[in-house]
Structure formats: structure tokens, C-alpha cells
Amino acid sequence: MSQSWRDMFSQMLSSNQISHKPSLIQDTTLWQIESSQWQQAARLAKDLSARWVAGWAEQVEAGFNVNALLEKNGDYVLLRTTVPEMHPQLPSQSTVYAAANRSERHTQDLLGIHFTDCPDHRPWIKHQAWHKHEYPLRKDFPLSGQPQSITPPDMDYAFVKARGHGVYEIPVGPVHAGIIEPGHFRFQAVGETILNLEERLGYVHKGIEKLAVGRSPEKLARLAARISGDSTVAHGWAACQAMEQAASVEIPERAAWLRGIACERERIANHLGDIGAICNDVGFAFAQMQFSRLREQWLRPQLKDFGHRLMMDYIVPGGVSLDITPDACEQQLQALKTLRQELDVIVPAIDMNSSLEDRLYTAGYLSPQTAQDFGVVGYVGRASGQDFDVRRDKPYAPYHALQFNAVLEDQGDVASRVWVRVKEIFASIKLLRQMLSQLPEGAIKADWKRPQAQAEGLAMIDGWRGEIISYVRFDENNCISRFYTRDPSCVNWPALEKIVLNNIVPDFPVCNKSLNGSYSGHDL
Amino acid sequence: MLRLFSKTLKTGVVTERVKKPTSDDLEQLGIEVKQQIDRHFKGSLAIREVDAGSCNGCELEIHALNNPIYDVERFGVHFVASPRHADVLLVTGPVSRHMQTALLRTWQATPEPKWVIAAGDCAVCGGEFGESYACCGGVDKVIPVDVTIPGCPPTPKMLLKGILGLINGVKTQSQPLAASQK
């Protein structure tokens, strides 16, 4: 057995005089390092081609804990450092990992931690809802804040400008033309060609991290289910799994399987919607009509079997809220057969269509190298050669007991992202078939155990968009003292700025839809 | 191409029919909406959807109104790209403070007479997010609201009922509701 990257990383840190006191958050290795060596540690990890996964910070008694999660081959390492409350600063990791940049700006806006030599210090999540030297996630900042009667728009954001003959700028949003979430896109273009795109997000910042503080486990699960409406199962699962870890609650096997069923159903529902919408963005109504029909037919039984069309609040701390009857299992198995038969007709029909081919192939190219540099996950990563799937690489119940093939493509264009979705539907159908036919008997919910004060939990769940990271820390009263969740969109959004380069402006909607980042999940 | 025609023909019309009302109230509801829109909006009601901080759950269900099963356009309801083309603003979300000005400007850009529907628990009263440093706590804190549709998220059928409720409100008042609240 070859040496794991974690051991190699540890040796490299030691040989560079970086002390890293080891401890554990459940099965994830946690290394406490000196803040002055924060950037150096990241550089060593990058040399081992580890992926930067997530970054967050929290206020503790000694000052602020700053965390950075790294991963390679499904093996996660959490780096942690502590900076003093008086002068909270440390060297930036975004000079090493581009993916860390927005996360550091998020931490800068909400906690006032200064990342020195960070290449970009512009506010990110903060617009004008609170003052420059106020930090909502600090303990002395009240949840209510001191809002003005009308929050002014954020007019002074320094967008990158392009100048030259025939160069012009297109501002888009936050209110878009379709039924979609708000965000701002600033294009620099020549003729129809996009020279540069800059995203400006943060419009739907709802203070989720602040709202989580002081909540009971049940109430946190409710909040997590509303981080991103299309990933309600995946986010609910991630938050509950993190809490269950912290409280050492073992969920019943049947509950884990039911969670798996709900999560795969969610994946299928969203992929069905997305494939139709991508085709619709290039004016191919046939696919939109067929796939939105399939999506509706897919959602309807969920109201009966899972208590909600989108399965919101189905996952609760300790298990799930509703059991499934053998009849319903049988009906779902039948529905899988029907769906597969439908797709076997529709998919070849759109595959053979030349007008669709013309618009989707080669549009919105993301190279495997760029995907790796940004640490892109989910179907966006898998369409650009990033062979990573939490379900396979760091399996959790029920996936450790199931057979499935992770989907991988390397063409990196819009068509490739469509094909990954199609293949993921097929893979999920197979998974569902296994889970429904071998569903273990037993309880669906375990009793809650009061976690110890300061107990931490860190969960990784593969939602339909990709890997979700959820972190919780409890206080002494069974309530949450810190909750952070990293939606896959956080690492995928920056890739969109690269995907659209040299494409034409009218292809932006289809490029955007092929990535389909969550605004709400990103803005928190 | 033949595959497309073949699949289209074999799929047939899946839209839940309006001609023969049965126990399913979608059909009844649709007929009623259609009659009222014909009478009070000359056959067409233009809606501009504004996400003011929703989690995207409401948007998924509003999208569903346009799928071939609900096919809300057959009742004369259609979604438009600009507030300047809209009769109604359909607003979701607790109105994040960062979206407050954008929502206000969208409302100002909508020509009179205009109506506002607050769709989803968040839009009605702040929902899970409530009022905080980051959220205004409901659409009526920012612009006048004529009709509310509760639900997290409201189902497509509830949305359709809400739209009908708005039209029924309009016909009982000679003045537009939004104007009378000013």
C-alpha cells in the first residue's frame, strides 16, 4: 500500500518546521498550526496536488479559529489556526489556491479577519446592509443589526474594466429576465464576443450563519433545508450528519437508506429540470416540454411518500420524518422502469438533433486544468475530467453498501455537462433500484443524545450539485454555536467566469444554466 | 427529426384538461381563472417574477406552472421578462436587504395599474429567515402587497389559487388595490 497523501503532507510540514498538533473531528484529521505558517502549509499541500475544499472561521474565547479543509483521494485534512481578537490577521491562502479567494473575502466581510497579501480585498458578501467596520458573525453583533429603512444599492464595487476601440460593457441583474435567482453579471465585450465576465453575488445574503446560532438541532435542520431549495435534501442531510457526528448519534440503517433514496430522487428531479432548461436556452422546446413533464411526474408521488413535493424537512436529526410503505416502494420501482423507458426514447431523439449539436458542442469549454485549479466539483467537475464523488471516495451510509459507477467525461463543454447529467440519472436509477429492493427493516429515527459542550461535527455529502461540506459546533445547552455550510456552487461559480470567455454573449444563458450554481446556497 | 415527431405524437396532450370538470379542482380553478382574466384583463395577465431572497424553492414551483401539465398560459397567465410589461409582480423571498432597492426599483418600473402577490411563507412574513440585519422580513415591509400565497413553497395549484384570489379582489374594487393602499 502506497503512502497516503496525509502522511506525506505531515512529513513535509515537519521537515519545514511547521508543527501540526493532531486531533480529530470524528474521522477527519485536524491539524492545529501557527497562523504565520498558514500560507506555507497551503503551498505544501498544493505541491502534493491536494484540492482546497472549504474555508471558514469562528469566534472563540482565544480569538478566532480559521479553518481550511483540504482533500485528495477522498482523504480530508482540516487545517486550523487561531488568530488573536485584537489583530486578527494571517497570510492569505488565495495566492496559492484561487478557490480560497471568495471564501477569504466572505470571512473578511462577516468576521473582520484580515488576510494579508490577498490579491483581492474587495467586499464580497457585504453590500450596504451593515457598516464597514461591523462584522455580523462576531458575538457582539446583534442578529437584528442596525439596518437603515432603505438599504442603498452597492454602487461602488470596483469591477474590472476593459478599454479600447469597440469595447463595451453589459451590466446584467440582479433582477434577471427569467424566473431565476438574483445576482449581477458584468460583461466586457467586443461585438458579440465576451472578453471578460465578472460575477457580483451576495444579493440573497440572508444571514443563515448568524440565524443558526442558538438554534436547537431540529430548528437547524429546518434552516439547512432552506439553504438552497433545489438541494433541500442534500443540505438537510449534511447538516444532520454533522450534528449526529457531534452528538455521537447512530442513525438506524433504514433511515440512512431512506435518506439515500430521497437524495437520489432529488438528483434525478433536478437533472431532469436542468436538461430541459439547457435545451430551452438554445430554443429547443421539445426537450423542455418532455423533461419538464417528466420532472412533474417525478415530483408528484413525493408529496405522498415523503410528505412534500420537494421533500423539504424529510430529513430530521436522528433519521427521517416519514416511513415508506412496501406498496410505495413497489410503485417507485415501477416509476423507475417507466422513467427509463421514456428516457430511452427521448435521449436518442435529442442526441440525433443537429441544431442542438451545433449550439451545445464546444460551447462553454472548461479545461480539465482550469477545473482542477478551481477545485470544481459535481457535474461541472465530472464533465471536465475531475474524477471525484464523495459517495465513492469517502463513502457514507448507505453508499458503502451499494454498487455504482461514478460518471466521468473530459470534453468540458456544455454538451458534456448535459451528458454527465443524463448518465447520472441512469446511475441514480440503478442506485434507487438497489435501495428500494433491499431496504433494511427497522426504525427510521434514533433518539437524540445531548452533545458535549463544544462538540464539533464535519460532514461531506454528495448532493445533486456535488460535494456539500457542513460544519457544526454545539454550545453547552444542546444548541448550535457555529454552523457553516459550503455549497458546491461556492467553488463552481468562479469557473463560470472562465467558461464564458470567447463565447458569444447570447450563449451566456446556456453556459450559465449548464453550470447552474445556486445563488442562495452561495450567499448564505 | 422523425424521432421528435414520433415522441411528440406518442406523448400526446398531457395537460390536465379544462373542458370536463371532475373532482380534481385544478380544472375548475383554471376555468375560473380564465373567465376572470377574460373579463377583467382582456384575456391576458402578465406577471413579472421577482426573487427577493428566496431559497429557490418557490421558483421551482413557479416554473412548474409553465410545464405542460399545468400549462398556465392556456388560462391567459404569462410570465414576462420586464416589469414594464407586467400587470402583476410575483415576489418571493423575505426580501434580503441587499435586494431591497432592486425590488423597489422593479416596482417603480411597473406601470399602473399594478398588483403585487407575495408568494411563499418568506415573502408573506419572513418565514424561516424573519427580520434581521440581512432580511426585511416580508414583501409588505418594502412595497404594498395585494395578495399573499402561503406555503413553503406553495404548490403550483396554490399559486394558481392565489392568482385567482387576486383577480377576485380586483373585480370587487373599482380602484386598483395597490393604488388604494398608497
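Being a predicted model, the structure only gives us computed values, none of them experimental. (Residues numbered from 1 in each chain as written. Chains lettered and ligands numbered in written order. Predicted model: local features only at pLDDT ≥ 70, side-chain atom pairs only at ≥ 80, totals over all residues. Heavy atoms only, no water.)

Engineer: Mind showing me how you'd approach the overall build of chain B here?
Structural biologist: Counting secondary structure elements, chain B contains seven helices and five strands. The order of α-helices and β-strands along chain B, N terminus first, is α-α-β-α-β-β-α-β-α-β-α-α. A burial count over chain B gives 60% of its 182 residues as buried. Within chain B, residue pairs in contact and separated by at least 24 positions form 78% of the contacts whose partners lie at least 6 positions apart. Of the roughly 7,300 Å² of accessible surface on chain B, 54% is carried by carbon and sulfur atoms. (Helix = DSSP H or I, 4+ residues; strand = E, 2+ residues; numbered from the N terminus. Buried < 20%, exposed > 50% of the residue type's maximum accessible area, 1.4 Å probe, protein only. Contact = heavy atoms within 4.5 Å. Areas by Shrake-Rupley, 256 points an atom, 1.4 Å probe, with all protein chains shown as cover.)

Engineer: Help me out: how do you make sense of the packing of helix α7 (residues 253–281) of chain A against helix α16 (residues 508–515) of chain A in this one?
Structural biologist: The axes of two packed helices give the description: the angle between them and the distance between them. All names here are of chain A. Two numbers describe how α7 lies on α16: the axes approach to 8 Å, and their chain directions differ by 170°. With respect to α16, the element α7 is oriented roughly antiparallel. In contact with D274, A277, I278 and D281 of α7, α16 contributes P509, V510, K513 and S514. Among the residues forming the contact of α7 with α16, the class breakdown is four nonpolar, one polar and three charged. (Axes fitted to C-alpha atoms, helices over the stretch in contact; angles between N-to-C directions. Parallel < 35°, antiparallel > 145°, perpendicular 65-115°, else oblique. Nonpolar A, V, L, I, M, F, W, Y, C, P; charged D, E, K, R; others polar.)

Engineer: Hey, could you run me through the nonpolar core in this one?
Structural biologist: Most often, soluble globular proteins have nonpolar side chains that are buried together. The biggest cluster of nonpolar side chains holds 175 residues, and the ones touching the most others in it are F9(A), L69(A), L343(A) and F483(A). Apart from the residues lying within four places of it in its own chain, the contact partners of L343(A) are L272(A), F291(A), L294(A), P348(A), I425(A), F426(A) and I429(A). (Core = buried A, V, L, I, M, F, W, Y, C linked by side-chain atoms within 4.5 Å.)

Engineer: Where do I start with α7(A) in this structure?
Structural biologist: Residues lying three or four places apart along an α-helix face the same way, a consequence of the helix completing one turn every 3.6 residues. Residue and element names in this part refer to chain A. Here α7 is 29 residues long and its end C-alpha atoms lie 42 Å apart, about the 42 Å a rise of 1.5 Å per residue gives. Most of α7 is tucked away: 25 of the 29 residues are buried. Positioned one or two residues after α7, G283 has a phi angle of 80°, which is positive. (Expected span 1.5 Å × (residues − 1).)

Engineer: In this structure, what is going on with the layout of surface pockets? I would like to understand it.
Structural biologist: Over the atoms rolls a probe the size of a water molecule, and its path tells where empty space is left. All names here are of chain A. Computed from the structure, the second largest pocket encloses a volume of approximately 550 Å³. Along its surface, the second largest pocket is lined by 23 residues, and Q241, Q245, V249, E250 and Y396 are the ones closest to its centre. Taken together, the elements giving at least two residues each to the lining of the second largest pocket come down to α6 (232–246), α7 and β13 (456–463). By residue number, the principal contributor to the lining of the second largest pocket is α6, which donates four residues. In terms of residue class, the lining of the second largest pocket is built from 12 nonpolar, five polar and six charged. (1 Å grid on protein atoms, 1.4 Å probe; cavity = no way out; pocket = protein on both sides within 12 Å on 5 of 7 lines; lining within 4 Å. Points joined across faces, edges and corners; volume = space filled by probe spheres on them.)

Engineer: Before we go on, may I ask you to explain the sheet that holds strand β15 (residues 480–486) of chain A in this structure?
Structural biologist: One key point about sheets: their strands pair by backbone hydrogen bonds, in either a parallel or an antiparallel sense. Residue and element names in this part refer to chain A. Read across the sheet, three strands follow the order β13-β14-β15 without closing on themselves; strand pairing throughout is antiparallel. The open sheet has two edge strands with one neighbour each: β13 and β15. Taking the axes of each pair of neighbouring strands and ignoring which way they run, one obtains an average angle of 15° across the sheet. Relative to strand β14 (residues 466–474), β13 runs antiparallel, the two being bridged by eight bridges. Each residue of the ladder has a partner; that of E456, found in β14, is R473. This element, α6, spans β13, β14 and β15 of the sheet and lies at about 150° to β13. (Pairing = 2+ DSSP bridges.)

Engineer: It is not clear to me how the interface of chain A and chain B should be interpreted in this structure. Could you clarify?
Structural biologist: Quoted interface sizes are often the accessible area lost when the parts come together. Counting residues at the interface gives 69 residues for chain A and 51 residues for chain B. Interface area for chain A against chain B, summed over the two sides, is near 4,700 Å², with a carbon-plus-sulfur share of 62%. Here chain A is connected to chain B by four salt bridges. Residue E61(B) pairs with R309(A) through a salt bridge whose shortest N-O separation is 2.6 Å. (Buried area = accessible area lost by both parts, 1.4 Å probe. Salt bridge = Lys/Arg side-chain N within 4 Å of Asp/Glu carboxyl O.)

Engineer: Help me understand α16(A) in this model?
Structural biologist: By the criterion of burial, α16(A) is predominantly enclosed, with six of the eight residues buried. Just past α16(A), the residue N516(A) takes up positive phi, approximately 45°.

Engineer: Is there a simple way to think about empty space enclosed by the protein in this case?
Structural biologist: All names here are of chain A. What the rule picks out here adds up to eight cavities of 30 Å³ or more. Empty space within the largest cavity amounts to approximately 130 Å³. Lining the largest cavity we find W52, A99, R102, S103, H106, W124, Y484, R486, C490, V491, H522 and L524. For the lining of the largest cavity, the secondary-structure elements that each account for two or more residues are α3 (100–111), β15 and α15 (488–499). Among the elements that line the lining of the largest cavity, the one with the most residues is α3, at three residues. Considering only residue class, the lining of the largest cavity consists of seven nonpolar, three polar and two charged.

Engineer: I tried to follow the packing of α7(A) against helix α14 (residues 414–437) of chain A on my own but got confused; where do I start?
Structural biologist: Residue and element names in this part refer to chain A. Closest axis-to-axis distance for the α7/α14 pair is 9 Å, and the angle between their directions is 150°. The angle between α7 and α14 places the two elements in the roughly antiparallel class. Judged by the sense of rotation from one axis to the other, the crossing of α7 with α14 is left-handed. Here the contact of α7 with α14 is composed, by residue class, of 15 nonpolar, four polar and six charged. (Left-handed = near helix turned anticlockwise from the far one by under 90°.)

Engineer: Quick question: what am I supposed to make of the sheet that holds strand β10 (residues 193–200) of chain A here?
Structural biologist: All names here are of chain A. The three strands lie next to each other as β8-β9-β10, forming an open sheet whose pairing is antiparallel. Each edge of the open sheet carries a strand with a single partner, namely β8 (167–172) and β10. Shown here is a sheet whose adjacent strand axes are inclined to one another by a mean of 20°, direction ignored. The strands that α15 touches are β9 (184–190) and β10; relative to β10, the one it contacts most, it runs at about 160°.

Engineer: Mind showing me how you'd approach a nonpolar patch on the surface here?
Structural biologist: A surface patch of nonpolar side chains, about 540 Å² in accessible area, is lined by M1(B), L2(B), F5(B) and L9(B). Within the element layout of this structure, M1(B) appears in the segment before α1 (2–11). (Patch = residues over 30% accessible without salt bridge, like charges linked within 9 Å, V, L, I, M, F, W, Y side chains within 5 Å.)

Engineer: Before we go on, may I ask you to explain the domain arrangement of chain A in this structure?
Structural biologist: Along its sequence, chain A is organised into domain 1 (5–116), domain 2 (167–200) and domain 3 (208–523). Placing a centre on the C-alpha atoms of domain 1 of chain A and another on those of domain 2 of chain A gives a separation of 34 Å. (Domains from an automatic or database assignment.)

Engineer: It is not clear to me how the pairing of strand β1 (residues 45–51) of chain B should be interpreted in this structure. Could you clarify?
Structural biologist: Taken residue by residue, a regular strand's side chains alternate between the two faces of the sheet. Residue and element names in this part refer to chain B. Counted residue by residue, β1 has seven buried out of seven residues, so it is predominantly covered. Where β1 lies against strand β3 (residues 88–92), five bridges are found, and the strand directions are parallel. Residue pairing across strands places E49 opposite L90, the latter belonging to β3.

Engineer: Sorry if this is basic, but what is going on with the environment of Y484(A) here?
Structural biologist: Residues and elements named next belong to chain A. Assignment of secondary structure puts Y484 in strand β15. By relative accessible area, Y484 is classed as buried at 5%. In the structure, Y484 is positioned 430 residues away from A54 in sequence and 9.9 Å away in space, judged by C-alpha atoms. Look past the residues within four positions of Y484 in its chain and what remains in contact with it is G55, W56, H106, E209, I469, S470, Y471 and L524.

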